[in-house]
Amino acid sequence: MTIALFVFYVFALVTTASAVMVIAARNPVHSVLFLILAFVSSAGLFVLLGAEFLAMVLVVVYVGAVAVLFLFVVMMLDIDFVQLREGFLQYLPVGALVGLVLLVELALVFGTQAVETAAVDMPPTAPPGVTNTEALGSLLYTRYFYLFQTAGAILLVAIVGAITLTLRHRPDAKRQDISRQVHRRPSDTLEVRKVRPRSGI
Amino acid sequence: MLGSGFDLSPALPEAFLFVAGLALLAVAAWRERQANGFTLPLVALSFLVAALLLLGRDPTPTLAFDGHFVADGFANFVKVLILLAAAGSLLLAPAWLSDEGVERFEFPLLALFSTLGMAMMVSANSLLALYMALELHSLPLYVLAAFKRDEIRATEAGLKYFVLGALASGLLLYGCSLVYGFTGTLRFDVLASTFAGKGGAVLPLGAIVGLVFVVAGLAFKLAAVPFHMWTPDVYEGAPTPVTAFLTAAPKLAAFALLLRLLFQPFATYVDEWQQVVILVAVASMLLGAFAAIGQSNIKRLMAYSSIGHVGYALVGVAAGTGEGVHAVLVYLGIYLVMSIGTFGCILMMRRQGRYVEAIQDLAGLSRSRPLMALALALFMFSLAGIPPLAGFFGKLYVFLAAIRADLVWLAVVGVLTSVIGAFYYLRIVKIMYFDEPAESFDPLPRPGLGLVVAATAVLVAGFPLLPGPLVESAQAAARSLLGS
Amino acid sequence: MLHVLLVFSPLAGAAIAGLFGRLIGDRASQLVTCGLMALSALCAIIGLRQLGEEPYTVPLFTWMLVDGFAVDWALRVDTLSTVMMFVVSCISFLIHVYSIGYMAHDDSIPRFFAYLSFFTFAMLMLVTSDNLLQLYFGWEGVGVASYLLIGFWYTRPSACAAAIKAFIVNRVGDFGLALGVAATFFIFDSISYDEIFRAAPRFADTQLAIFGASFDTLTLICVLLFVGAIGKSAQLPLHTWLPDAMEGPTPVSALIHAATMVTAGVFLVARFSPLFEYAPEAQALVTAIGASTAFFAATVGLVQNDIKRVIAYSTCSQLGYMFAAAGVGAYAAGIFHLYTHAFFKALLFLGAGSVIHAMSDEQDMRRMGGIWRKLPLTYAAMWIGTLALVGFPGTSGFFSKDAIIEATFAAHAPFAGYAFGLLVLAAVLTAFYSGRLMFLTFHGDPRADAHTMEHVHESPPVMIVPLVLLALGALLAGWVGRDMLDPEGRFWAGAIVTLPDNRVLEEMHHVPTVVKLAPLFALVLGLGLSWLFYVRSPQLPNQLAGRLRPLYRFLLEKWYFDELYDALFVRPALALGRILWRGFDLGVIDRFGPDGVAVATLAAARRAVRLQTGYVYHYAFAMLIGIVALLSWYLFVVRG
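Residues numbered from 1 in each chain as written. Chains lettered and ligands numbered in written order. Predicted model: local features only at pLDDT ≥ 70, side-chain atom pairs only at ≥ 80, totals over all residues. Heavy atoms only, no water.

Caption draft 1: Geometry of the overall build of chain A. Looking only at helices and strands, one finds nine helices and zero strands in chain A. Looking at chain A as a whole, 18% of its 201 residues are labelled buried. Expressed as a percentage of contacts within chain A between residues at least 6 apart in sequence, the contacts between residues at least 24 apart total 56%. Accessible surface for chain A amounts to roughly 15,400 Å². Of this, 70% is attributable to carbon and sulfur atoms. (Helix = DSSP H or I, 4+ residues; strand = E, 2+ residues; numbered from the N terminus. Buried < 20%, exposed > 50% of the residue type's maximum accessible area, 1.4 Å probe, protein only. Contact = heavy atoms within 4.5 Å. Areas by Shrake-Rupley, 256 points an atom, 1.4 Å probe, with all protein chains shown as cover.)

Dropping the structure here:
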């Protein structure tokens, strides 16, 4: 128990610290790397909760795909980050004030009234003998079917949107057209000519 | 496990829209060339079919999908309005799309998915469904705002809208998590019965703070002050048909969601949220009245005008009574007709093949295009709330509701800001009728635009003669929402 | 369905001719409007079988529903509205047809027919109204149509002036009506006729305190409604607009300013008989005003030279008769006269139009004369109209006008005697000016120039046929409709309410023979005098006018009403306006009001615009500040 608690605090600390660093780091590549660290340590938290599937998904999807994509984009876009940060100090006082007020208020909210644990119906844990993945899947396709479908629709829209905004049909681009290749006849392209010596075609 | 949760029939219109969207997408991707022309009318048609599916449905609340979805009289009424508004504003688009060389099938399809999201927002019965539907409705709008991707104004508008929208979604999600954390349930009906069971005992502070965050997220969608900053830039930068689409249906959906949230789960805590809504309403009315005055671009002006109108509608929400809900629904029903008509007129502002947007371009319109000037003057008078046009009655209902709820001062603020607002509406009329004529506009290429404008003008002018259908069905919808 | 068709087909005609008139052309506009009017008239004739049956309401749809205050569009069908619908539709149809000929040379024919049909629609809405708001809608609708038609030839300054005058004078009356409607709603908490009439007895003899004074409730309401009637029906002192309204085309004068619209006031009083019966003071006022107008207008009619003005004053006078009848409780006699008058007055106007048409648009009787051989049909029609107007035995006017005179004699109401005396005198004057009109116009030596005389011709059939039909109506309408005076009120079937002790309709049959014969004496005397003056010895009028110079001027200047109003209202109002404009408006209000506010508003606007910088992070920042502000507001102000 104590070990689990200790591990929890380690992961929680690392997650929070690296999240802060994502914003604070001067070099954007470092930011992305800290982001990856945050993902990995939150995956650790999921493992502690007994949600291995989510932990794996987090690592595979977020670390493996999203964050690496970010990294590529950040490296490929040659942005002068120093210039972008120029206004930072100018807004710092107001921003700090706003943040502080918000923090105080939220502290007030959470400090005065604790979460009514009795009222909270705890997230359903998987019944014994059912794996984590299976439990999640059976929930997604039954109770949360509607939301799952909606998420699908949102992703579809995202794909359509991305294509709409970026795809350009370039007439000069060469594409493979298998049908044309298959239907190609030698007679279309080849002409057999008899060439007499010394007279040219 | 496959119980009543999989009964699709309450969500039949949504299911129809979804399937229609997928089918059209498949066909359009296959036959891209031809699809650019025929998709838009088909999408408009499917809106009308979905609206027909809604007519005459049982108004008793029916839950579906494990309680995430609810179909009731309120949802039916609002959905019909949304579908009609979406169809109307979509029908404004074809001429513009072909003139600007962006006649692509993605435009109507994105509008379709956005409208589907709106319908789902109206029927959302849990915090999760609320969020998912909201995203489904916003994401296509971001893309549509940047639809004319080669124009810097449009891409800027789309990007701004997207970034700020993401921020608003963050606020909303944070609020949802607070409400869930402090009450332990996602579903609105369970929340309502829990609250009612407590008999008005003090709500956990966290839940109300969460509600404030959720309201803020919705206020962004409504473009209410102080979450309105995106509106002028996006309205001006986005393609005009998209702006027309933005003003009408999404406002209605966000309002419906707000009403459901405030009047179903949080109905017992009117006193808690009333002040917040009043603050937003007053700020919106003031900003809408003042900031529009200095504008020279008519789309930008309409953006501020819409902020002001959202403020007036929020007055009805702030009343916190069934009468207030009724007033809001009537107000929005009238507003969407006016705004579609106005944008129809703006889309007629075409000179030598190019669209113009400056208010001064309207100078002397009464002489070159008397009918268009008459229609636009009607819309302006109605937006200003001058009797006996429809806009006046919208304001009348809202202010009456506020007065009945002992918020006389709020109604007074509303009337004063309407007077200030009338200034810029009337200025347009003055420019059209009394200024020296500018060069005249091109003739209309297709009749569709003219038909929509004529129909909306007739509705605006004829409302006082036959207000029954809207007023009465809005009343039934309000009753259905409040469960009385 | 029948009545819906009846009321709305003129509207359809107006819409088609008004919106697409230029598209479909003159001929088609005429055909469409006339065809739809014919349909409406046909429905009205079929609707007559409803007479004497139980009243009922045809609901159309809900107009508004504000917090329990429900107003429906509905058509009320009872005997009163059936009679009115019959009169309005049939006469309007005949005048539509007549206008085809009369307006043949005009260049905005579709507009004319659209207005005419719109007027008919508004008038039908008025008479079939089921509640006060719909009545007001129709009332203002006919007012607008009348304004548009008086100013139809809007290039003539005199027509515009007359249209504006009619509109403004009517505004005074309409203000009274609006107050009456408001007062009714205030008292009865309803504007539906049924509920008002049902509740009326309860409010008899109650008092209403306004501004410290206390009034009898029903009297107040009735007087206010009657003020509206005075304006619309051109009674003293709001009569000045009607003669000027003759600037409009003659068919308009016939339809609106003689046969239908001006009778709306009489209709209003009859419709509200359940209220007037409980308000004797208001009835006395109605009698007094009606009788005075009848006499006054007849005296002015004696000396007018414009043929249409003579008939206009005659209309004014005859409306006075109707009000006098309604005032003494003989509503039925008033409506009966309304119905007969519609026929013969439309006939006279259309006949006059035919003469004017023939005389190349000459309207001054002093430049007519000696044309009866050239216009035999018009001449005959005009004589029939004149005889009906003066109440020649057997014609329609005989039945209705005599009934009114007898009723005023038989009634015991205040002012009844006064009314009787004035009405008999007015009958003499009526006979005189009618005779004068006929003799001056048709007899004697031609006074027009030779060129005009050459062109005098009978009008085309399309104008003559309506004249013939109206002449038939003027002859027979009285005999056909004499049931209306049934003392038991069987004919009206409750559409007109009289109290049990109101026995005027019965008692008027028992008046002395002298009284019965009085109108006949008046007729003979008046016509005889006019024959003496204008046929026998035509120099007499001038001598008399010279001898009685001041009286002649007084009558010619219409008792100086216009001058009086000019001095009393128009000039002071202009002066006051100028003072307020120069001193108060520019000096005080503008400086501190609009101008000052405008400057402040603009400053605020500029500041509001400056918030909009265009930077995304500013916007995001504003949102965050916004949420913090909302939270703080809630945490520290609401929760406190």
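Caption draft 2: Representation of unusual backbone geometry in the model. Residues and elements named next belong to chain B. Here the bond from Val225 into Pro226 is cis, since omega is 5°, no more than 30 degrees from zero. Following the sequence through the fold, Pro226 ends up in the loop between helix H9 (205-222) and helix H10 (230-237). Residue Pro388 is reached from Pro387 by a cis peptide bond, and omega for that bond is 5°. Positive phi values are uncommon outside glycine, yet Asp66 reaches one of about 60°. By the element assignment, Asp66 lies in the loop between strand E1 (62-64) and strand E2 (69-71).

Caption draft 3: Representation of the pattern of salt bridges. Using the criterion set out here, one finds 28 salt bridges over all chains in the structure. Measuring nitrogen to oxygen at the nearest pair gives 3.0 Å for the salt bridge that ties Arg171(C) to Asp174(C). Taken together, the residues span about one helical turn, with Arg171(C) and Asp174(C) both in helix H5 (residues 157-188) at a distance of three residues. Residue classification places Asp174(C) among the buried residues on the basis of a relative accessible area of 2%. A single salt-bridge network, built from bridges that share partners, covers Glu100(B), Lys148(B), Glu151(B), Arg153(B), Glu156(B), Lys160(B), Asp233(B), Glu236(B), Lys299(B), Arg300(B) and Glu357(B). (Salt bridge = Lys/Arg side-chain N within 4 Å of Asp/Glu carboxyl O.)

Caption draft 4: Structural view of the interface of chain B and chain C. If you look at the interface, chain B gives 50 residues, while chain C gives 32 residues. When chain B packs against chain C, the two sides together hide about 3,500 Å² of surface, and 76% of this comes from carbon and sulfur. One can count zero salt bridges joining chain B with chain C. The tally of links from chain B across to chain C stands at two residue pairs in polar contact (both at pLDDT 80 or more). At the level of elements, helix H7 (152-183), H9, H10, helix H12 (270-291), helix H13 (298-319), helix H17 (390-404) and helix H20 (468-482) of chain B are the ones that each hand at least two residues to the side of chain B that touches chain C. With nine residues, the top contributor of residues to the side of chain B that touches chain C is H12(B). Each residue belonging to the side of chain B that touches chain C can be placed in one class, and the counts come to 35 nonpolar, six polar and nine charged. (Buried area = accessible area lost by both parts, 1.4 Å probe. Polar contact = N/O pair within 3.5 Å; in protein donor to acceptor, adjacent residues only side chain to side chain. Nonpolar A, V, L, I, M, F, W, Y, C, P; charged D, E, K, R; others polar.)

Caption draft 5: Here's a closer look at the interface of chain A and chain C. Listed by partner, the interface residues are eight residues for chain A and 10 residues for chain C. Both faces considered, chain A and chain C share a buried interface measuring about 830 Å² in area, 82% of it formed by carbon and sulfur atoms. Ranking the residues of chain A by area buried against chain C places Tyr91(A), Val98(A) and Glu105(A) at the top, with a combined share of 57%. Seen at the junction of chain A and chain C, the total is zero salt bridges. Between the two partners, chain A and chain C, sit one residue pair in polar contact (both at pLDDT 80 or more). Among the residues making up the side of chain A that touches chain C, the classes are represented as six nonpolar, one polar and one charged.

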